[in-house]
Amino acid sequence: MKKFLLGVLGTVIAGIFVALFTLYINKEKIDVKYNLSAPIPIPSEKYSVQQLKIQNVGNAIAENLVITLNGNIQKYEIKKYSGQDNIQEFELTDSNGKQICYPKLPKDGSIIITMNISKPDSLKVEIKHDKGKATEVFSSQSKIGYALLFFIISILFYLVSSTKYFIDDYWISSVLQYDKKKILTKQQPFYFSESKWKEIKTLAIKNELAEIRNETFISVEGLKDSKATFYLTAQNLEKLELSDDEKKEMISETSEIYLKNLRIEYNRTYSEYEYIMAFSILRPELVEEAKWNEERERLLSNYKDYCISRCYNFYDIPNTAVYFDNVLSSIILSDIEKSKIKQDIKQWWLKNLKQWINGLSSDSDKKYIEQFFQTEKPNYFTQSEWDSIKNIANDKYLEIILYELSYSSKNDYEKILRKENQKINLLSDDCCKKIKKYAEQLYCLSIMEDSLILSHKELVDKYDFTLLESKRITAILKLIDKAQSIEKLLNSPVEGIDKLEIPESVEKSFWNSIIEYRTKNAELNDKLQEVNNEELKLKVKIEKVLSQLTFINTILDSPDEIDRIEDYEDLFSKGNYENLRKIKDLLESNNTREKE
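Conventions and cut-offs
Residues numbered from 1 in each chain as written. Predicted model: local features only at pLDDT ≥ 70, side-chain atom pairs only at ≥ 80, totals over all residues. Heavy atoms only, no water. Buried < 20%, exposed > 50% of the residue type's maximum accessible area, 1.4 Å probe, protein only. Helix = DSSP H or I, 4+ residues; strand = E, 2+ residues; numbered from the N terminus. Pairing = 2+ DSSP bridges. Patch = residues over 30% accessible without salt bridge, like charges linked within 9 Å, V, L, I, M, F, W, Y side chains within 5 Å. Areas by Shrake-Rupley, 256 points an atom, 1.4 Å probe, with all protein chains shown as cover. Salt bridge = Lys/Arg side-chain N within 4 Å of Asp/Glu carboxyl O. Core = buried A, V, L, I, M, F, W, Y, C linked by side-chain atoms within 4.5 Å. Axes fitted to C-alpha atoms, helices over the stretch in contact; angles between N-to-C directions. Parallel < 35°, antiparallel > 145°, perpendicular 65-115°, else oblique. Left-handed = near helix turned anticlockwise from the far one by under 90°. Contact = heavy atoms within 4.5 Å. Nonpolar A, V, L, I, M, F, W, Y, C, P; charged D, E, K, R; others polar.

1. Brief notes about the pairing of strand β3 (residues 48–56)
Across the nine residues of β3, nine count as buried, placing the element largely inside the fold. Residues S48, Q50, L52, I54 and N56 of β3 are buried on one face, and the alternating residues V49, Q51, K53 and Q55, pointing to the opposite face, are buried as well. One ladder, built from five bridges, connects strand β1 (residues 32–36) with β3; its direction is antiparallel. If you follow K33 over to β3, its bridge partner there is Q55. Pairing between strand β2 (residues 40–41) and β3: two bridges, direction antiparallel. Along β3, the bridge assignment pairs P41 with S48.

2. Here we look at a nonpolar patch on the surface
Taken together, the side chains of L538, I542, V545, L546, L549, I552, L556 and I583 make up a nonpolar region of the molecular surface, amounting to roughly 710 Å² of accessible area. When residues of the nonpolar patch are assigned to their parent elements, the largest contribution, seven residues, is made by helix α19 (residues 508–557). According to the relative accessible area criterion, I583 is partly exposed, its value standing at 37%.

3. Description of the nonpolar core
Core analysis: the largest hydrophobic core is formed by 89 residues, its most contacted members being Y258, Y303, F324 and W349. In terms of residue count, helix α14 (residues 383–405) provides more of this core than any other element does, nine residues in total. Core analysis: the next-biggest nonpolar cluster, separate from the first, contains 21 residues, A62, I73, I100 and A134 among them.

4. A few points about the sheet that holds strand β4 (residues 62–70)
Whenever strands of a sheet pair, they do so through backbone hydrogen bonds, lying parallel or antiparallel. What the five strands build is an open sheet, ordered β6-β7-β4-β9-β10; its pairing is antiparallel. Two strands close off the open sheet at either side, each with one partner strand: β6 (88–91) and β10 (132–133). Pairing analysis gives two bridges linking strand β9 (residues 124–129) to β10, with the strands arranged antiparallel. Within β10, the position partnered with K128 by the bridge is K133.

5. Digging into the packing of helix α15 (residues 410–417) against helix α16 (residues 429–451)
Pairs of packed helices are described in terms of their axes, by the angle between the two and the distance that separates them. Taken N-terminus to C-terminus, the directions of α15 and α16 make an angle of 140 degrees; their axes are 9 Å apart at the nearest point. Relative to α16, α15 is oriented oblique. Between α15 and α16 lies a crossing whose hand is left-handed. For the pair α15 and α16, contact is made by K410, Y413, E414, I416 and L417 and by I435, K436, A439, E440, L442, Y443 and S446, respectively. For the contact of α15 with α16, the residue count by class is seven nonpolar, one polar and four charged.

That's the geometry; what it means functionally is another story.
Listed below in structure tokens is the structure:
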């Protein structure tokens, strides 16, 4: 009876403690936590980078946050909880610190402040809100809370364990919920059977894995101190009283959870500082290397895309090379990883440079190609790759210049032939020869056009024939003489054209064909003139007949109209005119009878 009463009393006391604890944890409260990362020095700069993450882990909205940062802060960036949040920023007069006023932070809301600090050891953080102050994640207050919680659980455990008859499923479930490691590190107690203890350990492993799955992290850095990392260390795993099969299950499940959380944090990495932190995480001892490398490659791919997305002026080759060198030197990479990401960046850069050069077309785009010709090869490209880009630039520059030449004047041709155009000297010798040849052809064409309106002397005064080869000059003069002879032949009278002397520059067959053309053309013009004359005569006759018919029709309607014809008019012959008079008389006599 006494043991029964002790059991009942223990149950009642435990129930009271559980009710009070449940009421405590469900009370509405504001709990703002912050985590200040360790300073990370940047190799190429004289400052370190630190990140401050502030999160509301309570169940009520924290309003009017005042964040005071005392320290030598050179620069900082704020990642807001919401893009619409309005913040106020102030400089502290007594130091180089900052004070930031943030309107409100809802439940589970967080903000991140990334800072460049010259003296990281001097940084002091103070965060206030309407209901109190924020505490650091691992502050003494948190430790006191955990200690108090552990103390309460210990009392409950002692009360429940005080009697052998109170060891039941409620005791087992309480320990499984609040102190699973105690079960996993404890040998089988004498008062449990082997099957019962195995059941308890199985539940403990299941609940521990569930708790590991539900872990949340402020940043990727939190994975270093996670429960999953604890179980993926061989030294910690050896402390557990588990069978080989249970250890294998624990390693497999924990490794999967760890890699999943790692992937989530990788995908939430957006700034250079976050990438630095991500690359600083080392592979846990018991994670398979192949799976780790797979996640690491995913992080490398994300970082490559991040670097590329911030490379706005990739055609500015020197500055782009410096940019890529800086972003790659700021993170910890193995030689293989660095080689791979440099290769990926190089292929992207090479492809986009070629596409960009191919897209240039106007005269205003020439300056970009000229700048490229004066740029030295960066270390990212091999000589053959660099030469392939230069070949595309040569072809594009040649295309633009040749297009411009087709609309240029003789002065432009002369500058090229005299090698006074310095821009084409940027091109290869082969391209320069093509431009010179094209300019020479256009120069000759201009001479040929002017030869039709200018004399030999005027052509010599206007053009510099010394710029041309002697063979080409002879050919041009021959063509000019031929053109002028043909023009003279075409403008000469047809009579006696066959007696003109054939010039040496004109082939006899061609000369005779022109004479034949002029002769037949003259004959055709004569016949055409005859046809036109006959057509004109016929037209006059047709007009006269039409006029006669019109007049006859008028007389039939009004016989007196015949009197209007004057003697000098030749509309009708004399005989026809007399016949019309008779018709008039007949019509008038007929009209008189009808009136009678």
